[in-house]
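In case you want the letters, here they are:
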Amino acid sequence: ILNVEQSPQSLHVQEGDSTNFTCSFPSSNFYALHWYRWETAKSPEALFVMTLNGDEKKKGRISATLNTKEGYSYLYIKGSQPEDSATYLCAFRPGNNRKLIWGLGTSLAVNP
Amino acid sequence: ETGVTQTPRHLVMGMTNKKSLKCEQHLGHNAMYWYKQSAKKPLELMFVYSLEERVENNSVPSRFSPECPNSSHLFLHLHTLQPEDSALYLCASSQDSGSSYEQYFGPGTRLTVT
C-alpha cells in the first residue's frame with residue numbers, strides 16, 4: 001500500500017512568521033511529487049511539480065525542496081500572510097501515469 | 001468562463017433520487033477525472049477519461065455512473081445513493097502529453113445524501 005504522510009496536520013502562525021511542513025512518500029518507483037494549495041470553497045491550485053532529487057522550486061514567498069532518496073519534500077512559506085491560510089496538499093506520482101497518491105494535507109491558519 | 005467549472009456547487013438528494021453532476025473544462029485538455037473527498041480521508045480517484053474513453057475505474061459502486069460526451073464535458077450520474085456517499089466531488093482535467101499530467105481542479109460539488 002502506497003501512503004503519503006503530511007505533517008503537521010494543522011498549524012497556526014502569526015502574520016510575518018515563516019513556516020514549513022513535510023510530505024513523506026515512498027522512495028521507490030518515484031516519478032513526481034506535486035504540491036497543491038487549497039483555499040476553502042475554492043479549487044485546489046497547483047503550486048509545484050517536482051521530479052528531480054535535490055530539486056528546489058520557488059513561487060513568491062513559497063518554496064519547496066525534494067529528497068527522493070529518503071522520500072520527503074518540504075514546503076516553506078516565508079513571512080506568512082493571512083492570505084496564505086489554506087490547506088497544502090502533496091501528491092506522489094508512482095510512475096509515468098496519471099495516478100496520484102494524495103496526502104491528507106496540512107491546514108495552515110495565519111493570524112493577522 | 002476559465003479553468004474548470006462544476007455545477008451545482010451544492011446538492012442535497014434523497015436516497016431514491018437521480019441527479020447528475022456536471023464538469024466543464026475550458027483549458028483544451030484531453031483527460032478528465034472524478035475524485036471523491038470525504039472528511040478525514042485523502043482524495044480518492046474515482047474515474048479517469050482520456051480522449052473521451054474511460055481508462056480508469058477505481059472499484060466505484062455502480063450507483064455512480066460517469067459520462068464523457070466530449071473532451072470538455074464530464075458528468076457523474078447518481079442514483080440510489082447511500083448516506084456514506086455524502087462528500088465533496090471534485091473534477092479535474094489534464095493535458096496528457098509526454099510526461100506531464102498536471103491536474104487542474106474545479107471547486108467541487110458538496111453532496112449531501114439524506
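Details of the structure are given in the entry above.
(A) A look at the overall build of chain A. When you go through chain A residue by residue, the secondary structure sums to zero helices and 11 strands. For chain A, the succession of helices and strands along the chain, N to C, is β-β-β-β-β-β-β-β-β-β-β. Its C-alpha atoms put chain A at 40 × 30 × 20 Å along the principal axes. Expressed as a percentage of the 112 residues in chain A, the buried residues total 48%. In chain A, of all internal contacts separated by at least 6 residues, the share reaching a separation of at least 24 is 54%.

(B) Quick look at the sheet that holds strand β3 (residues 18-25) of chain B. Residue and element names in this part refer to chain B. Strand order in the open sheet made by the four strands is β1-β3-β8-β7, with antiparallel pairing throughout. Whereas interior strands pair on both sides, the edge strands pair on one side only; in this sheet they are β1 (4-7) and β7 (64-70). The sheet shows a mean angle of 20° between the axes of neighbouring strands, direction not considered. Alignment of β7 against strand β8 (residues 73-79), held across five bridges, turns out to be antiparallel. The partner of Glu 67 across the bridge, within β8, is Phe 75.

(C) Main features of the environment of Ser20(B). Residues and elements named next belong to chain B. Turning to its location among the elements, Ser 20 is positioned in strand β3. Taking relative accessible area as the criterion, Ser 20 reaches 36% and is therefore assigned partly exposed. For the pair Ser 20 and Leu 78, spaced 58 residues apart in sequence, the C-alpha separation works out to 5.7 Å. In this structure, Ser 20 is in contact with Pro 8, Leu 76 and His 77, ignoring residues within four places of it in sequence. Within the local environment of Ser 20, its side chain forms a polar contact with the side chain of His 77, the two groups lying 2.6 Å apart.

(D) Examining the pairing of strand β5 (residues 45-50) of chain A more closely. Residues and elements named next belong to chain A. In this structure, strand β4 (residues 32-38) lies alongside β5, joined through five bridges in antiparallel fashion. By the bridge assignment, Tyr 36 is partnered in β5 with Ala 46. Here β4 folds back onto β5, and the loop between the two strands holds six residues, one of which, Ala 41, carries a positive phi near 65°.

(E) Fine view of the interface of chain B and chain A. At the interface, 25 residues of chain B touch 21 residues of chain A. Roughly 1700 Å² is buried in total at the junction of chain B and chain A, and carbon and sulfur atoms are behind 57% of that figure. At the surface where chain B touches chain A, the tally comes to one salt bridge. There are four residue pairs in polar contact (both at pLDDT 80 or more) connecting chain B and chain A. Listing elements by their share of the side of chain B that touches chain A, those giving two or more residues are β4 (31-37), β5 (44-50), β6 (53-57) and β9 (87-94) of chain B. Here the side of chain B that touches chain A is built from residues that sort into 12 nonpolar, seven polar and six charged.

(F) Quick look at the side chain of Thr68(A). Tracing the chain through its elements places Thr68(A) in the loop between β7 (62-67) and β8 (72-77). Thr68(A) gets classed as buried once you look at its relative accessible area, which sits at 13%.

(G) Expanded view of the packing of aromatic side chains. Summed over all chains, the structure comprises 13 aromatic pairs over all chains. Ring centres of Phe25(A) and Phe92(A) lie 5.6 Å apart, and the angle between their planes is 15°; on these two criteria the pair is classed as stacked. Taken together, the residues span a long stretch of sequence, with Phe25(A) in the loop between β3 (19-24) and β4 and Phe92(A) in strand β9 (residues 86-93) at a distance of 67 residues. Taking the relative accessible area as the measure of exposure, Phe92(A) reaches 0% and is therefore buried. Look at Tyr36(A) and Phe105(B): their rings are 5.5 Å apart centre to centre, the planes differ by 85°, and that puts the pair in the edge-to-face class. Remark: Phe105(B) occurs in strand β10 (residues 104-105) and Tyr36(A) occurs in strand β4; the pair is interchain, linking two chains. Since its relative accessible area comes to 0%, Tyr36(A) is described here as buried. Its relative accessible area of 5% is what places Phe105(B) among the buried residues.

Calculation rules
Residues numbered from 1 in each chain as written. Chains lettered and ligands numbered in written order. Predicted model: local features only at pLDDT ≥ 70, side-chain atom pairs only at ≥ 80, totals over all residues. Heavy atoms only, no water. Helix = DSSP H or I, 4+ residues; strand = E, 2+ residues; numbered from the N terminus. Buried < 20%, exposed > 50% of the residue type's maximum accessible area, 1.4 Å probe, protein only. Contact = heavy atoms within 4.5 Å. Pairing = 2+ DSSP bridges. Axes fitted to C-alpha atoms, helices over the stretch in contact; angles between N-to-C directions. Polar contact = N/O pair within 3.5 Å; in protein donor to acceptor, adjacent residues only side chain to side chain. Buried area = accessible area lost by both parts, 1.4 Å probe. Salt bridge = Lys/Arg side-chain N within 4 Å of Asp/Glu carboxyl O. Nonpolar A, V, L, I, M, F, W, Y, C, P; charged D, E, K, R; others polar. Phe/Tyr/Trp six-rings, centres within 6.5 Å; stacked < 30°, edge-to-face > 60°.

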